[in-house]
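# Results of the structural survey
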Amino acid sequence: MTSQESIESLSRSFPDKIQHTTEFRGEMSCTIVANDLRGVAKFCRDELLFDYLIDITSIDNFGEDPRFEILYHLYSMPHAVHLRLKLKVPEETEAVDTVFDIWPTANWHEREIYDMMGIKFNGHPDLRRILMWDGYPFFPLRKDFPLEGLPSEMPDVAFTKVTPLEGGPFVTLPSTATSKDREPRARPPEL
Amino acid sequence: MPETRATAYDSKIEGNVIFTRFDAALNWVRKNSLWPMPMGLACCAIELMAAAASRFDIARFGAEVMRFSPRQCDVMIVAGTVTYKMALAVKRIYEQMPEPKWVIAMGACASTGGMYRSYAVLQGIDQLLPVDVYVSGCPPRPEALLAGLMKLQEKISRERSFRNQKPELAEKLEESFA
């Protein structure tokens, strides 16, 4: 079964759940409706034999509506075929259904998305932060979170400060000059 | 008639006694037996291991006894990127080291945050610990770390150890001699 055929099979079984499909270099992606994620996921695993969830990633399309997007990268070991499921998640959505009982590897991927993007998952067994510490008040991969960070303080656990992004020996100057002129070692140290 | 002689001179032990300042002797002992706490957090730790291995051989400077218990360490070598999540753990380990203690910030990340201008990285371990020697490089070669260690030895040999660590006793002695 090819990637194309699996999409067709998916569209037949869930005629109103598949919003649109795209193809890029032989790999198929399809956008699905959020409220039937688990049905589609179970079908992909059991009927289409996508037995391997490679990764779950999330995108912040800041300024658009719906704001977030979650991508499930699937792979079928028996058919050697990739499939990507996309899920649009509006900002006001309380939580997305978990798929950890369908693909156990989703457990940590969903924790990472919760940690970095702040999207919660219904029915997740252990939805704690995975990279930052419990109690860190921000979601750093959101587009409205500044690169230099925000100050925070948790006594005896951790603190953060705002990072200086200009000056210093490791910052490349923003200009149209060649990289030789822009890069730190080409400049004399600032005294 | 009782024989008198200088108390400090005895022909029987001539050549075996050295006069020196107490600090100089103490510092000489300390600087040649620095037990490092290997705080390896990133790629600098690989160079730290290379410095300890046979080719570069940190044992030539008396610092080969890497201790993984902070209670047995003299110098913490912070080798690598210190994230905010790790920062207070590094501080806790430093606080468990007995006095006197020193810190080497090894490499760009430990010294300044290095190339990680990011929300997650502490911009230099000197924001938390008193750093004695900064070693530049990304990562520094083992020779650079050894040079840093020798700088630290120079610094230790200039320290007023007795006065710094036993101020009351030093004062008492000064009073009694005054």
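Report follows, based on the coordinates. Treat the numbers as computed from the prediction; the structure is a model and nothing was measured.

### Considerations on the overall build of chain B
When its secondary structure is counted, chain B shows seven helices and four strands. Listing the helices and strands of chain B from first to last along the sequence gives α-β-α-β-α-β-α-β-α-α-α. For chain B, the C-alpha radius of gyration of 21 Å lies well beyond 16 Å, the compact-globule estimate for 178 residues. With respect to the three principal axes, the spread of C-alpha positions in chain B is 85 × 40 × 25 Å. Partitioning the intrachain contacts of chain B with sequence separation of at least 6 by distance along the chain shows that 77% fall at a separation of at least 24.

### Re the interface of chain B and chain A
At the junction of the two partners, chain B supplies 16 residues and chain A supplies 25 residues. Between chain B and chain A, the buried area comes to about 1,600 Å², and carbon and sulfur atoms account for 63% of it. When the area that chain B buries against chain A is broken down by residue, the three leading residues are Tyr84(B), Arg117(B) and Tyr119(B), summing to 52%. Where chain B packs against chain A, one counts six residue pairs in polar contact (both at pLDDT 80 or more). Counting only elements with at least two residues in the side of chain B that touches chain A, the list comes to helix H3 (84-96) and helix H4 (107-112) of chain B. A total of four residues in the side of chain B that touches chain A trace back to one element, the largest contributor, which is H3(B).

### A word on the nonpolar core
Ranked by size, the top nonpolar core spans 34 residues in total, and within it Leu10(A), Cys44(A), Ile70(A), Tyr72(A), Leu85(A), Val96(A) and Val99(A) carry the most contacts. Apart from the residues within four sequence positions on either side, Leu85(A) is in contact with Leu10(A), Cys30(A), Ile32(A), Val40(A), Cys44(A), Ile70(A), Leu71(A), Tyr72(A) and Leu74(A). Within the second largest apolar cluster, 28 residues are counted, among which are Phe159(A), Cys73(B), Tyr84(B) and Leu88(B).

### Structural notes on the packing of helix H1 (residues 22-31) of chain B against helix H5 (residues 142-157) of chain B
Residue and element names in this part refer to chain B. Running from N to C, H1 and H5 cross one another at 160 degrees; their axes reach a closest spacing of 8 Å. Accordingly, the angle class assigned to the pair H1 and H5 is roughly antiparallel. Where H1 crosses over H5, the two elements pack in a sense that is right-handed. Residues Asn27, Arg30 and Lys31 of H1 form the contact with H5, whose participating residues are Gln153, Ile156 and Ser157.

### Digging into the pattern of salt bridges
Across all of its chains, the model carries 14 salt bridges over all chains by this definition. For the salt bridge of Arg111(A) with Asp126(A), the shortest nitrogen-to-oxygen distance reads 3.8 Å. One end of the pair, Arg111(A), is in helix H3 (residues 106-117); the other, Asp126(A), is in the loop between strand S7 (120-122) and strand S8 (152-154), and 15 residues separate them in sequence. Note on Arg111(A): relative accessible area 7%, which makes it buried. Between Arg141(B) and Glu143(B) there is a salt bridge whose closest N-O contact spans 3.1 Å.

### As for the pairing of strand S1 (residues 36-40) of chain B
Residue and element names in this part refer to chain B. Counting buried residues along S1, four of its five residues qualify, which places the element largely inside the surrounding structure. Inspection of the sheet shows S1 paired to strand S2 (residues 75-79) by five bridges, in the parallel sense. What sits directly across from Pro36, in S2, is Val75.

### Thoughts on unusual backbone geometry
Following Asp65(A), the chain continues to Pro66(A) via a peptide bond in cis, the omega torsion being 0 degrees. Among the structural elements, Pro66(A) can be located in the loop between strand S3 (52-60) and strand S4 (68-76). Note the cis peptide between Glu99(B) and Pro100(B), where omega equals -10 degrees. In this structure, Asp156(A) is a non-glycine residue whose phi angle is positive, near 65 degrees. Mapped onto the elements, Asp156(A) comes out in the loop between S8 and strand S9 (158-160). Judged by its relative accessible area of 68%, Asp156(A) is exposed. Even without glycine at this site, Asp57(B) takes up a positive phi of about 60 degrees.

### Focus: the packing of aromatic side chains
Here the structure, examined in full by the defined rule, presents eight aromatic pairs over all chains. Geometrically, the ring pair formed by Tyr136(A) and Phe138(A) is edge-to-face, given 5.6 Å between the ring centres and 80 degrees between the ring planes. The class for Tyr136(A) is buried, based on a relative accessible area of 3%. Owing to a relative accessible area of 21%, Phe138(A) belongs among the partly exposed residues under this scheme. Residues Phe159(A) and Tyr84(B) carry aromatic rings whose centres are separated by 5.5 Å and whose planes lie at 70 degrees to one another, so their mutual orientation is edge-to-face. Taken together, the residues span two chains, with Phe159(A) in strand S9 and Tyr84(B) in helix H3. Taken together, the ring pairs in this structure connect Trp133(A), Tyr136(A), Phe138(A), Phe145(A) and Tyr119(B) into an aromatic cluster.

Each value, and the rule that gives it
Residues numbered from 1 in each chain as written. Chains lettered and ligands numbered in written order. Predicted model: local features only at pLDDT ≥ 70, side-chain atom pairs only at ≥ 80, totals over all residues. Heavy atoms only, no water. Helix = DSSP H or I, 4+ residues; strand = E, 2+ residues; numbered from the N terminus. Rg over C-alpha atoms; globule rule 2.2 N^0.38 Å. Contact = heavy atoms within 4.5 Å. Buried area = accessible area lost by both parts, 1.4 Å probe. Polar contact = N/O pair within 3.5 Å; in protein donor to acceptor, adjacent residues only side chain to side chain. Core = buried A, V, L, I, M, F, W, Y, C linked by side-chain atoms within 4.5 Å. Buried < 20%, exposed > 50% of the residue type's maximum accessible area, 1.4 Å probe, protein only. Axes fitted to C-alpha atoms, helices over the stretch in contact; angles between N-to-C directions. Parallel < 35°, antiparallel > 145°, perpendicular 65-115°, else oblique. Left-handed = near helix turned anticlockwise from the far one by under 90°. Salt bridge = Lys/Arg side-chain N within 4 Å of Asp/Glu carboxyl O. Pairing = 2+ DSSP bridges. Phe/Tyr/Trp six-rings, centres within 6.5 Å; stacked < 30°, edge-to-face > 60°.

Everything listed here is a matter of geometry and, on its own, says nothing about what the molecule does.
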